Amino acid sequence: MRDELLTIGRFARLCRLSVKQLRHYDDSGLLVPVRVDAGSGYRYYAPEQVRDALTIALLREMDLPLAVIARALAAGPGSRAAILRAERDRLAERISRDRARLELLERLATDGLPGYEVTLGREPERRLAVVRTVCTPAGIGAGFEECAGRLLPALGRTGTAWEPPLWGLYPLDLEERTEIAVGAQTPRGEGVPGLEFEVLPGGLVAETVHVGPYGQLPLAYHALFAAVHERGLRPRAPVREAYLVGPAQAPPGELTTRLVVPVQEATT
């Protein structure tokens with residue numbers, strides 16, 4: 001039997017893995033040798049393990065976590081495809097997020113911190129029909145689209161009139177799991193199935209307007225919150241975004257978003 005098995009060194013060369021990696025995969029239960037010498041502790045692998053080892057090497061090259069690789073190896077073809085597609089979607093989301101960061105860094109490197117006019121004013125009370133979801137900070141864009149996709153058809157089915165623009169409601173601090181809401185201002189609408197209603201109180205707010213892609217909204221928030229704290233004010237939730245010019249109306253460089261933060265005098 002020993003002649004049929006591969007030493008850890010030979011197996012490592014065949015699979016383009018290091019001996020250290022193979023030992024780590026053994027310790028984690030991902031790729032266990034078929035035989036371990038009781039006296040020396042030396043590991044031996046079967047030739048039929050080469051395919052799994054090559055698969056592990058390929059997936060690790062794509063930065064898939066070991067736990068995901070273990071599930072993929074243990075799954076049947078259909079389940080394995082679903083696992084890999086889920087990782088593909090996460091990778092696509094990360095690439096999109098990184099692309100937005102690159103564009104943000106390029107704008108900062110080229111133009112420095114842009115100037116935003118931050119003003120104080122009084123916001124009227126607004127009654128919104130809203131739908132909510134919970135998402136990660138990276139998934140806010142998709143979460144907004146999902147909410148809008150539920151909100152607008154529900155308003156249309158019931159003939160509930162609403163006043164543009166759409167509003168996004170966000171907490172002050174974006175946690176790993178963040179509740180967001182999308183709302184439309186309505187004069188009425190009690191008892192609309194699938195909707196709830198929220199009254200945003202009027203009062204003192206700080207606001208600014210951002211023109212450009214949504215991925216560059218952090219620049220506007222930087223200016224807005226800096227101005228709030230410099231003026232000795234305390235921000236209050238929810239942060240409100242009014243989408244004055246949206247993707248259906250203009251290219252990314254011309255999107256226009258009004259950012260509104262309710263504020264109050266800071267107490268000492």
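Student: Mind showing me how you'd approach the packing of helix H1 (residues 8-15) against helix H3 (residues 50-61) here?
Tutor: Packed helices, taken two at a time, are described by their axes: the angle between them and the distance between them. At a closest axis distance of 9 Å, the pairing of H1 and H3 adopts a crossing angle of 55°. Here H1 is positioned oblique relative to H3, judged by the angle of their axes. Judged by the sense of rotation from one axis to the other, the crossing of H1 with H3 is right-handed. The segment H1 lies against H3, with Phe11, Leu14 and Cys15 engaging Val50, Ala53, Leu54 and Ala57. Split by residue class, the contact of H1 with H3 holds seven nonpolar, no polar and no charged.

Student: Would you explain the side chain of Thr257 in this entry?
Tutor: Along the chain, Thr257 turns up in strand S12 (residues 256-265). The class of Thr257 is buried, set by a relative accessible area of 0%. The contacts of Thr257, once residues within four sequence positions are left out, are Thr208, Val209, His210, Tyr214, Leu217, Glu241, Ala242 and Tyr243.

Student: Would you explain H3 in this entry?
Tutor: Given 3.6 residues per turn, any residue in an α-helix points the same way as the ones three and four places further on. Under the 1.5 Å per step criterion, the end-to-end length of H3 is 16 Å for 12 residues, consistent within 8% with the ideal 16 Å. Along H3, the positions that sit buried rather than exposed are Val50, Ala53, Ile56, Ala57 and Leu59. Immediately beyond the C-terminal end of H3, within one or two residues, lies Asp63, with a positive phi of roughly 65°.

Student: Would you take a moment to explain the packing of aromatic side chains for this structure?
Tutor: Aromatic rings in a pair are described by how distant their centres are and how their planes are angled relative to each other. Applying the stated criterion across every chain yields a total of five aromatic pairs. Ring centres 4.4 Å apart and planes at 5° place the aromatic pair Phe11 and Tyr45 in the stacked group. Of this pair, Phe11 sits in helix H1 while Tyr45 sits in strand S3 (residues 43-45), placing them 34 residues apart in sequence. Pairing Phe144 with Tyr243 gives two aromatic rings, centres 4.9 Å apart and planes at 70°, and the pair type is edge-to-face. You can see Phe144 sitting in helix H6 (residues 140-158) and its partner Tyr243 sitting in strand S11 (residues 239-245), a full 99 residues away along the chain.

Student: Explain the pairing of S11 to me, please; I cannot follow it from the model alone.
Tutor: Within a regular strand, side chains alternate between the sheet's two faces. Among the seven residues of S11, five are classified as buried, and the element is accordingly described as predominantly covered. Where strand S6 (residues 163-170) meets S11, four bridges bridge the pair, whose relative direction is antiparallel. Each residue of the ladder has a partner; that of Gly168, found in S11, is Glu241. For S11 and S12, the ladder comprises five bridges, and the chain directions are antiparallel. Residue pairing in the sheet places Glu241 in a bridge with Leu259 of S12.

Student: Would you take a moment to explain the confidence of the model for the protein for this structure?
Tutor: Fine structural detail should not be taken from predicted coordinates in areas where pLDDT scores are low. Residue-level pLDDT values for the protein average 88, and 94% of them are 70 or greater. When pLDDT is averaged over each helix and strand of the protein, the minimum, 82, is found for helix H5 (residues 77-111) and the maximum, 96, for S11.

Student: Is there a simple way to explain the sheet that holds strand S2 (residues 35-36) in this structure?
Tutor: Strands pair in a sheet through their backbones, by hydrogen bonds, and they do so in one of two ways: parallel or antiparallel. If you trace the three strands from one edge of the open sheet to the other, you get S1-S3-S2, paired in antiparallel fashion. Pairing within the sheet leaves two strands with one partner each, and these edge strands are strand S1 (6-7) and S2.

Student: Explain the environment of Pro218 to me, please; I cannot follow it from the model alone.
Tutor: Note on placement: Pro218 falls in helix H7 (residues 217-230). Sequence separation between Pro218 and Leu104 is 114 residues, and the spatial gap between their C-alpha atoms is 8.8 Å.

Student: Got a minute to help me understand unusual backbone geometry in this structure?
Tutor: When glycine is set aside, most residues are seen to have a negative phi, and most peptide bonds are trans. Cis peptide bonds are those with omega within 30 degrees of zero, and the linkage from Pro164 to Pro165 qualifies with 10°. Mapped onto the secondary structure, Pro165 falls in strand S6. The omega angle of the peptide bond from Ala237 to Pro238 is -5°, so this bond is cis rather than trans. Although it is not a glycine, Arg16 sits at a positive phi angle of roughly 60°. Tracing the backbone through its elements, the reader meets Arg16 in the loop between H1 and helix H2 (19-27).

Cut-offs and rules
- Residues numbered from 1 in each chain as written.
- Predicted model: local features only at pLDDT ≥ 70, side-chain atom pairs only at ≥ 80, totals over all residues.
- Heavy atoms only, no water.
- Axes fitted to C-alpha atoms, helices over the stretch in contact; angles between N-to-C directions.
- Helix = DSSP H or I, 4+ residues; strand = E, 2+ residues; numbered from the N terminus.
- Parallel < 35°, antiparallel > 145°, perpendicular 65-115°, else oblique.
- Left-handed = near helix turned anticlockwise from the far one by under 90°.
- Contact = heavy atoms within 4.5 Å.
- Nonpolar A, V, L, I, M, F, W, Y, C, P; charged D, E, K, R; others polar.
- Buried < 20%, exposed > 50% of the residue type's maximum accessible area, 1.4 Å probe, protein only.
- Expected span 1.5 Å × (residues − 1).
- Phe/Tyr/Trp six-rings, centres within 6.5 Å; stacked < 30°, edge-to-face > 60°.
- Pairing = 2+ DSSP bridges.
- pLDDT = per-residue confidence, 0-100.

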